[in-house]
Amino acid sequence: QVQLVESGGGLVQPGGSLRLSCAASGSIFSIAAMGWYRQAPGKQRELVAAIISGGRTNYADSVKGRFTISRDNAKNMVFLQMNSLKAEDTAVYYCHTYPPLAKVSWGQGTQVTVSS
């Protein structure tokens, strides 16, 4: 059973930074790719960033140059460094496999609110 626990969210002013963490239990790191997703109120969940085999990364156009995804395989963790945050980045952020696997449950997510 794979479990994902996100943390690190909070309230930050526009232009600020946050670092999100995702702790994965189970053998999830036998799965090559992981991603960060977000869901804003009234919107569908969307992919923000993914890290795939060999450390290659993909980003949504809206976060390119501002967000950085990374992973620590030894600690079974995935991170999302978010800089130059904007109000439109406000959402609940989740980590999951990339693409999402049905057998893996979504975690609680971590709320990110960007507001002055």
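Scroll up to find the structure.
This write-up is about the structure you can find in this document. (Residues numbered from 1 in each chain as written. Predicted model: local features only at pLDDT ≥ 70, side-chain atom pairs only at ≥ 80, totals over all residues. Heavy atoms only, no water.)

A few points about the pairing of strand β9 (residues 91–97)
For β9, a buried count of seven out of seven residues is recorded, marking the element as mostly surrounded by other parts of the structure. Taken together, the six bridges between strand β4 (residues 34–39) and β9 define a ladder with antiparallel strand orientation. By the bridge assignment for β9, Gln 39 is matched with Val 92. Here β9 pairs with strand β10 (residues 110–114) via three bridges, running antiparallel. Residue pairing in the sheet places Val 92 in a bridge with Gln 111 of β10. (Buried < 20%, exposed > 50% of the residue type's maximum accessible area, 1.4 Å probe, protein only. Helix = DSSP H or I, 4+ residues; strand = E, 2+ residues; numbered from the N terminus. Pairing = 2+ DSSP bridges.)

Some thoughts on the environment of Lys 86
Mapped onto the fold, Lys 86 is located in the loop between β8 (77–82) and β9. For Lys 86, a relative accessible area of 36% puts it in the partly exposed group. Expressed as a C-alpha distance, the spacing of Lys 86 and Thr 113, which sit 27 residues apart in the sequence, is 9.2 Å. Once residues lying within four places of it in the same chain are set aside, the contact partners of Lys 86 are Arg 66 and Val 114. (Contact = heavy atoms within 4.5 Å.)

A short note on the side chain of Arg 38
Within the secondary structure, Arg 38 is located in strand β4. Exposure remark for Arg 38: the relative accessible area of 6% places this residue in the buried category. Polar contacts involving the side chain of Arg 38 include one to the side chain of Tyr 93, which spans 2.9 Å. Excluding anything up to four places from it in sequence, Arg 38 contacts Gln 44, Arg 45, Glu 46, Val 48, Ser 62, Val 63, Phe 67, Glu 88, Asp 89, Ala 91, Val 92 and Tyr 93. (Polar contact = N/O pair within 3.5 Å; in protein donor to acceptor, adjacent residues only side chain to side chain.)

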